[in-house]
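Remarks on the overall topology
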Amino acid sequence: MSVLVLLSVLGVVLLYLGLFNNRGAVAGVGIAGLLGAFVLIASDWHLESPLFNGIIQFDTYARSFSLVMIVVAVLLFLFGIDYYAKVKENVAEQYALMVFSLTGGLLICSFTNLVVLFLSIEILSIPLYILAGGKRDSFRSGEAAFKYFLQGSYASAFLLMGLALIYGATASFDLAAIEAFSTALAGGQNMIFLLGLFLTIAGVAFKVAAVPFHFWSPDVYEGAPTLITAFMSTVVKTAAFAAFYRLIANLQLPGAVETMLVVMTICTLFLGNIVALRQTQFKRLMAYSSIAHTGFLLLAFLGTDARTPDVLFYYLGTYALATVGLFIVLTLAKRAALGDEHIRIFRGLFRSNPWIAVAALLMLLSLAGIPLTAGFVAKYRVFVLSLTNGYIWTTVLAVLMAVVGIYYYILVVREAFTAQEQETKPIVVAPLNWLVISICGVAVVVLGVMPGLLRM
Amino acid sequence: MIAALLLLIPFLTALVLVSLRPAQARPIALVSSLASLAVVLYAWISYSGGTVIHYNLNWVDAWGLRFVVGYDGVGLLMVILTAVVFPFIIGAGYGQQHDRQATFNGLLLFTQAFLFLVFLAQNALLFYIGYELTLIPVFFLLLFWGGADRRAITVRFFIYTLVGGLSLLFGIVYLLIQSGGNGDFTALTNLSIPASTQVWLFWALFLAFAIKLPIFPFHSWQPETYYMAPLQGTMVLGAVMLKMGLYGVYKLVFPIVPAGVEHWQTTVIVLALIGAVYGGVIAFRQSDFKRLVAFSSMSHVGVLCAGLFAWNAYGISGSFYQAFAHAILVLGMLYIVGAMQERTGTTDMSAMGGLKGHAPRLAALFLLVLVNAVALPLTQSFVGEWLMFAGLWQVSGWLTFFALTTIVIGAIYMLYGYQRVMLGPDRTNVTLADASVRDHIYLVPLIAVTLILGVYPGPILELLDAPVQQLLSSLSVN
């Protein structure tokens, strides 16, 4: 309870601070508030559980994912100080909306009632529709916001219909009751329940950008302001996956839904990686790489067992760290290249900023899954999980796709470590950005060498 | 202690070189590699057989990753090989013009540290980690200091190797699940995997090594990469990196999927020999000296792999013995390539000729390196090749005949190459310096090693004998 109150109040306070147009204070208060929320969750202070007649439960699972989201949000706010330095107005609103969205994220990973699932998905998404259009004079940003809103509404409609059907079949919104229903049903057929699950999973799959519900993500990633893109691909993705797993973790899934998940996994792995090969714009590349990682995460969903939540947690946490760092590096390089987003803008990075290039290298290697980085450990654990549960051929495909993944990441590495032919504007790194990039770069190696540090 | 020193000396020196970038990078690197060599020689002297385990620590226990390092005889031979080769690789830099010496030598030492990790690891995952890590410094060596087209070729090399690497990871994960999460080689060796599984698992494990070696038809990354790489990079690739492939087969494939090996033995030998003959024939057609060395390496490696898969005491011992010889040979040949390039400014043989008149001593040194390449009796290669052919003979007479033709082809292209460079009319129209003191310091020890081990192979064969016998007897028990 305490943390929900704190975050909601924080958002409102940030909006008020915006009236004074004091940017430093806004970011400072935002970060302080988030750290406060972190402490509240970590110390378990007034986190009564269950809450509101048992529709919300801040169990270990919910708290772990919440902590990751908050840490990533703090890193993004630190980056925001430099990112919004040149922006004239509405800065406080951006921070406030991110905080509101984060609140939705916290709710979504602690629901035990499907109504909360729907509400929190909306709380998570509606601020994002606004944030995606944050650059009001940019055509692409507006396009991104509109596309996101339109497709997001469809997904919400699917989700709502699905929930209604599930309610129709089970006469309850309570997750435990639905689980009991599915266990009792096991093996039997119930068309309404089945259809309800299909539509619900489709609605959630939209949020995690699983194929074929991914169409929004490349355009939105590209059009949205980079900070918001980073927010979507880390905090929102983490929240959506936490919710997805919470939804299906204890359900006795009917065979048809299992098949749907396997097909979705295969398609996501395949399409995400293959299409990423042809991308030359870094943000689009990251969008497809994000889809590809969704595929690997979905692989962990197949035939879940007791280790799955921990694997998901580790994967999402380390993925978020690497992604945040890379988006910051992108912003800096993009500035120096006057708005260009082609991967060649990284050229000469190693010559001009060796440490930043090395940190970017570590993060890219982590995304690619090279040993001793966290990404390797994450992929490795997913493979172990899916092989243990008998999905040999899907894992073979995933391994092949991991190779494809290495290819497009290594192309970026190659650019960063190739000398620039002609002189361009130097890439300037503000101290705070330097700090965040270093934290991310070092963290992916430390967590790769000592994976025990990041567990639920 | 020995294992810790071997891993830390190159790694820490490399860190210092890369981060502080001292001006005297090469001497520092050289001293570091000599220190490693001293440690290894001490390990060799104090080695008294069996498997020595230096450390046995939990790392991430939950998924079978444990820090177990040590060596048996074969592992020790590989460690010796790595330690012997690196001072020469770093020393070869004295003839090369590079910018950013510190980074360059730092990357070389990183490679050495990771190679030590590969050869010392007694845990499959630790082995895999080392195996993949060696790629990273080499990737940058090629990307920063390679020749024309380096960007495309480097990426191709990287991807090719990682295809194998991930397939290996898949195989290891599969094995780990079978063994209940214990990744130590001892545990994996004791698994009893159904023969039908072994038939496909063999390729999951072997593909990585087939690409690394490389054998036909997984070789297409190799010639261009060897050609494009900076001289010292080619030395790393040819002298030690590919030996990881042989060692991996010995460590991960033979003891764990013996039924798979039995099933595919003939196929692999045939593929390897096709590669050997094919590489030899193409080497003959090359007009570029460095390309000739690249294809000759491919040809030699094919025979190495065939010998290994003969799968008997002669074949396996011969293959590892020859691996050592091949490393020395690659160093010598490539050093000559570098020396020629230094003098004539090219590696194109059609622009050379008649150099013997200018540089008689260099020509003599070249010839002495060359006799090892053609496996003349009393050289190290002769011992290795003889053992391998004896091993192959027990498998099939025809295959042995096929393998023997590579010796003839090898003699032809090597001597033909020598002829084009050293003999005939003088086409360079420049006066060349003869072999300098530096060339002698470099080449004479290599030649000495070749000849001494050619006459007296005992010390190395002793290392190989016990572990190979043990491997084979454990197989016959099963």
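A short note on the overall build of chain A
- Scanning chain A from N- to C-terminus turns up 18 helices and 0 strands.
- Computed over C-alpha atoms, the radius of gyration of chain A comes to 21 Å, within 12% of the 23 Å expected from 2.2 N^0.38 for 456 residues, which places it in the range of a compact globule.
- The dimensions of chain A, computed from C-alpha atoms along their principal axes, are 70 × 55 × 40 Å.
- Out of the 456 residues belonging to chain A, those deemed buried represent 58%.
- Considering only intrachain contacts with a sequence separation of at least 6, the fraction spanning at least 24 residues in chain A is 80%.

Observations concerning unusual backbone geometry
- In this structure, A:Pro212 follows A:Val211 across a cis peptide bond, with omega equal to 10°.
- Look at the link from B:Phe216 to B:Pro217: it is a cis peptide, with omega at 0°.
- Mapped onto the elements, B:Pro217 comes out in the loop between helix 9 (195-212) and helix 10 (222-228).
- Although it is not a glycine, B:Trp311 adopts a positive phi angle of roughly 65°.
- Locating B:Trp311 in the fold gives a position in the loop between helix 13 (289-310) and helix 14 (313-344).
- By C-beta crowding, B:Trp311 is classed as buried, having 21 other C-beta atoms within 10 Å.
- Even without being glycine, B:Ala375 reaches a positive phi, approximately 60°.
- By the secondary structure assignment, B:Ala375 is in the loop between helix 16 (360-373) and helix 17 (380-395).
- Owing to 25 C-beta atoms within 10 Å, B:Ala375 belongs among the buried residues under this scheme.

Concerning the interface of chain B and chain A
- Opposite the 20 residues of chain B that make contact, chain A presents 22 residues.
- Counting residues per element, the ones that place at least two in the side of chain B that touches chain A are helix 5 (124-133), helix 6 (135-145) and helix 7 (150-178) of chain B.
- Taken together, the residues of the side of chain B that touches chain A sort by class into 17 nonpolar, 1 polar and 2 charged.

Some points on the domain arrangement of chain B
All names here are of chain B.
- The assigned domain composition of chain B is domain 1 (1-256) and domain 2 (266-478).
- Centre-to-centre separation of domain 1 and domain 2, based on C-alpha positions: 22 Å.
- Counting residues at the interface gives 34 residues for domain 1 and 38 residues for domain 2.
- For the side of domain 1 that touches domain 2, the elements supplying multiple residues, two or more each, are helix 3 (73-91), helix 10 and helix 11 (231-253).
- Residue composition of the side of domain 1 that touches domain 2, grouped by class: 23 nonpolar, 9 polar and 2 charged.

Observations concerning the packing of helix 7 of chain B against helix 9 of chain B
Residues and elements named next belong to chain B.
- Viewed as axis vectors pointing N to C, helix 7 and helix 9 meet at an angle of 150°, and their least axial separation amounts to 8 Å. The angle between the axes of helix 7 and helix 9 places the two elements in the roughly antiparallel class. Crossing of helix 7 against helix 9: the hand is left-handed. Contacts between helix 7 and helix 9 involve Tyr160, Thr161, Val163, Gly164, Gly165, Ser167, Leu168, Phe170, Gly171 and Tyr174 on the former and, on the latter, Leu201, Ala204, Leu205, Leu207, Ala208, Ile211 and Lys212.
- Split by residue class, the contact of helix 7 with helix 9 holds 11 nonpolar, 5 polar and 1 charged.

The rules behind these values
- Residues numbered from 1 in each chain as written.
- Chains lettered and ligands numbered in written order.
- Predicted model: local features only at pLDDT ≥ 70, side-chain atom pairs only at ≥ 80, totals over all residues.
- Helix = DSSP H or I, 4+ residues; strand = E, 2+ residues; numbered from the N terminus.
- Rg over C-alpha atoms; globule rule 2.2 N^0.38 Å.
- Buried ≥ 20, exposed ≤ 12 C-beta atoms within 10 Å, placed from the backbone.
- Contact = placed C-beta atoms within 7 Å.
- Nonpolar A, V, L, I, M, F, W, Y, C, P; charged D, E, K, R; others polar.
- Domains from an automatic or database assignment.
- Axes fitted to C-alpha atoms, helices over the stretch in contact; angles between N-to-C directions.
- Parallel < 35°, antiparallel > 145°, perpendicular 65-115°, else oblique.
- Left-handed = near helix turned anticlockwise from the far one by under 90°.

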